[in-house]
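The chain contents come next:
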Protein chains: 2
Amino acid sequence: MIFIYLSGTPNSLAKGFEEKCGWKVLRPINKVFPDGEQYIRLPEAIAGNVAIIQSLYPEQDRKIVELYLAVEAVSGRGARTKFLILPYTAYTRQDKRFLEGEPVSTKAVYQNLRLFEIDTIVAVDVHSIQSLTSLGFKVHNILPHSHLLNAAGEKVDLVLAPDRGALPRAMEVAKTFNVPCDYIEKFRDRVTGEIRIDRKELNVSGMSVAIVDDIISTGGTIAKAAHALYNAGAKSVIAVVSHSLLSLESIDALSSSNISKLVTANTVSMPNNLPKWIQVVDVSSLICSEISKWVSY
Amino acid sequence: MIFIYLSGTPNSLAKGFEEKCGWKVLRPINKVFPDGEQYIRLPEAIAGNVAIIQSLYPEQDRKIVELYLAVEAVSGRGARTKFLILPYTAYTRQDKRFLEGEPVSTKAVYQNLRLFEIDTIVAVDVHSIQSLTSLGFKVHNILPHSHLLNAAGEKVDLVLAPDRGALPRAMEVAKTFNVPCDYIEKFRDRVTGEIRIDRKELNVSGMSVAIVDDIISTGGTIAKAAHALYNAGAKSVIAVVSHSLLSLESIDALSSSNISKLVTANTVSMPNNLPKWIQVVDVSSLICSEISKWVSY
């Protein structure tokens, strides 16, 4: 079994794979031509099972094209079975036509991989599994939240989903830690268009609350929820999030919300020198364990 | 017939299509999410024939993903026949495995479009037609050099290809203008690895020479050729190039080579305020004329 790391794989995740899972690792030669085109090469011969690991953030489009190039190069090497490990999958939120004239972005981007006989994707908390299975992929989706909360070592009284759609994620965590679970009902103000959270809906007085979500992008959703929870008397609020696409702006937004901690997986590369209240947890062992269920390597 | 312009289409080319060819034009809504993912939407209904126009430079990977999204959106609109106009095609130089373990980049990138029932590509001076036809595309390849040299209004005594591979391009121009044609033999110094041009091979004394090529990227090839030609006694050297991927560095390299003019097509977006010796020629009428041979619109 050979594991090929592409440039999007976070360093800490790659290190985790090597140290904790004992995987044989191959890093392709890659470079960028003066005009901006990417080049990749796998100089070593490859035999047997091959897994290609790429995280599709930041610079999603570059990471996607690099993935195509790698998959084509691996095909040319005649590798027997190939599967993908995508710790972060891009373009899965636009998984259907919400409005006429929109693309199904997931199809536009991932369909190409099917042409290279890729049939399995191992992903961490993918936004829409169905968008990938409908293209013919078998998807192993790993939810890391219990692992994250465990690593954080914080006792919580209530697990909250920031909206109804995120409830299954929260229920999983609540079950693991044997605490109650709920979700936040958001209301859109029909005049201003602003999203607000109704205080009377939140019965969190004196509680330590964990908000469980898949992605932080601007940080707005978590910040707004934390604000409402503190206003309703919560003792502390911790955010448990799979993918943190952290910019300076999102770190500021979260910081001003007074959450006591953000605990998040190392599925995407993150800035150095993060503030202390952000805890990044290695999830390589979770991924290894999932893969070892169905691959012998 | 509807023509959909994506963000890579140079403004002057889009204007040329509208003014000279009288095409009905549709520009999709597009935006970029805070995390960097692209979004596109075609709000108007579409019927009949649809052409999608995208130039795949600069930021090749972003332009490629935008193209995928547009093609998927057009498919969702149920358009009857679709073809692509690609004034500049990226990733066509790596059209085979030059070394083991390399990808066929052309296949990695363009194969996806075949899944959306795209069967025809109209391109300007694509580096490797065969790399696209082998994927099942019908390719209409437009060579703009005679049009460019004509627009430049310069009399030349000799047309030169900068290497043997570029000779067919030069022969086409030489035939149009009824002048002789040759190519420059390059030698690689076995010790230093440097490419040099043997002076004794060049019989250009007192001549006005046109160098005909497909792409300027660093400007190094043209600059080196011009230098050798002036050293061999050429009176003037003009560069006639399809695609100019102009950076400040390449403009400097060309400027110091003393070429009297660079005449080039508007197939890619170029910086504003170009120096006077660079002449950008609109090739929309060439593309229109090619398409009108086989499409009624």
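Since the structure is predicted, the reported quantities are computational estimates derived from the model, not experimental observations. (Residues numbered from 1 in each chain as written. Chains lettered and ligands numbered in written order. Predicted model: local features only at pLDDT ≥ 70, side-chain atom pairs only at ≥ 80, totals over all residues. Heavy atoms only, no water.)

Draft legend 1. Structural detail: the overall build of chain A. Looking only at helices and strands, chain A features 9 helices and 16 strands. Along the longest, intermediate and shortest principal axes, the C-alpha atoms of chain A span 60 × 45 × 35 Å. Taking all 297 residues of chain A together, 58% fall into the buried category. Within chain A, residue pairs in contact and separated by at least 24 positions form 63% of the contacts whose partners lie at least 6 positions apart. As displayed, chain A offers around 12,600 Å² of accessible surface, 47% of which is attributable to carbon and sulfur atoms. (Helix = DSSP H or I, 4+ residues; strand = E, 2+ residues; numbered from the N terminus. Buried < 20%, exposed > 50% of the residue type's maximum accessible area, 1.4 Å probe, protein only. Contact = heavy atoms within 4.5 Å. Areas by Shrake-Rupley, 256 points an atom, 1.4 Å probe, with all protein chains shown as cover.)

Draft legend 2. Main features of the relation of the copies chain A and chain B. Once chain A is rotated about the relating axis by 180° and shifted along it by 0.0 Å, it coincides with chain B to within an RMSD of 0.0 Å. What we have between these two chains is a two-fold relation. Closest approach to the rotation axis among the C-alpha atoms of chain A is made by Asn 112 of chain A, whose C-alpha sits 2.4 Å away. Interface overlap between copies is the fraction of interface residues in one copy that are interface residues in the other; for chain A against chain B it reaches 100%, indicating a shared surface. (Least-squares fit on C-alpha atoms with pLDDT ≥ 70 in both.)

Draft legend 3. Structural detail: the state of the cysteines. All names here are of chain A. For the structure on display, the rule yields 2 disulfides over all chains. Bridging Cys 21 to Cys 288, the disulfide has an S-S length of 1.7 Å. Negative torsions about the S-S bond denote left-handed disulfides, and the value of about 85° found for Cys 21 with Cys 288 makes this one right-handed. Note that Cys 21 is positioned in helix H1 (residues 11-21) and Cys 288 in helix H9 (residues 284-292), a separation of 267 residues in sequence. An identical accessibility class is assigned to Cys 21 and Cys 288; each is buried. (Disulfide = S-S within 2.5 Å.)

Draft legend 4. View of the domain arrangement of chain A. Residue and element names in this part refer to chain A. When cut into domains, chain A gives domain 1 (2-143 + 285-292) and domain 2 (145-266). Averaged C-alpha coordinates put domain 1 and domain 2 at centres separated by 29 Å. Taken together, the contacts link 13 residues of domain 1 with 10 residues of domain 2. Buried surface at the junction of domain 1 and domain 2, both sides included, amounts to about 1,100 Å², of which 56% is carbon and sulfur. Three residues stand out in domain 1 for area buried against domain 2, namely Tyr 88, Asp 125 and Leu 143, and they jointly supply 45% of the buried area on that side. Between domain 1 and domain 2 we count 1 salt bridge in total. One salt bridge in this structure joins Asp 125 and Arg 169, with 3.0 Å as the shortest N-O distance. In this assembly, domain 1 and domain 2 are joined by 6 residue pairs in polar contact (both at pLDDT 80 or more). Elements with a contribution of two residues or more to the side of domain 1 that touches domain 2: H1 and H9. (Domains from an automatic or database assignment. Buried area = accessible area lost by both parts, 1.4 Å probe. Salt bridge = Lys/Arg side-chain N within 4 Å of Asp/Glu carboxyl O. Polar contact = N/O pair within 3.5 Å; in protein donor to acceptor, adjacent residues only side chain to side chain.)

Draft legend 5. How the structure looks around the packing of aromatic side chains. Residue and element names in this part refer to chain A. For the structure shown, the criterion picks out 13 aromatic pairs over all chains. Grouped by ring-pair contacts, the aromatic residues Phe 3, Tyr 5, Phe 17 and Trp 23 constitute a single cluster. Positioned above the aromatic ring of Tyr 39, the side-chain terminus of Lys 31 is 5.0 Å from the ring centre. (Phe/Tyr/Trp six-rings, centres within 6.5 Å; stacked < 30°, edge-to-face > 60°. Lys NZ or Arg CZ within 6 Å of the ring centre and 35° of its normal.)

Draft legend 6. Focus on the confidence of the model for chain A. Here chain A shows a mean pLDDT of 93. Residues at 70 or above account for 98%. Interface confidence for the predicted complex, expressed as ipTM, amounts to 0.94; the pTM equals 0.95. (pLDDT = per-residue confidence, 0-100.)

Draft legend 7. Layout of the interface of chain A and chain B. In this assembly, 43 residues from chain A lie in contact with 43 residues from chain B. Here chain A packs against chain B, burying approximately 3,900 Å² in sum over the two surfaces, 51% of which is carbon and sulfur. For the pair chain A and chain B, the interface holds 10 salt bridges. A salt bridge links Glu 100 of chain B to Arg 77 of chain A, with the nearest nitrogen and oxygen atoms 3.1 Å apart. Applying the counting rule to chain A against chain B returns 28 residue pairs in polar contact (both at pLDDT 80 or more). Those elements giving two or more residues to the side of chain A that touches chain B turn out to be strand E4 (38-41), helix H2 (60-76) and helix H3 (105-114) of chain A. For the side of chain A that touches chain B, the element with the highest residue contribution is H2 of chain A, accounting for 9 residues.

Draft legend 8. Up close: the sheet that holds strand E7 (residues 120-124) of chain B. Taken in spatial order, the 6 strands line up as E2-E1-E5-E6-E7-E8 (chain B) in an open sheet, and their pairing is parallel. Two strands in the sheet have a free side with no partner beyond their single neighbour: strand E2 (25-26) and strand E8 (138-142) of chain B. (Pairing = 2+ DSSP bridges.)

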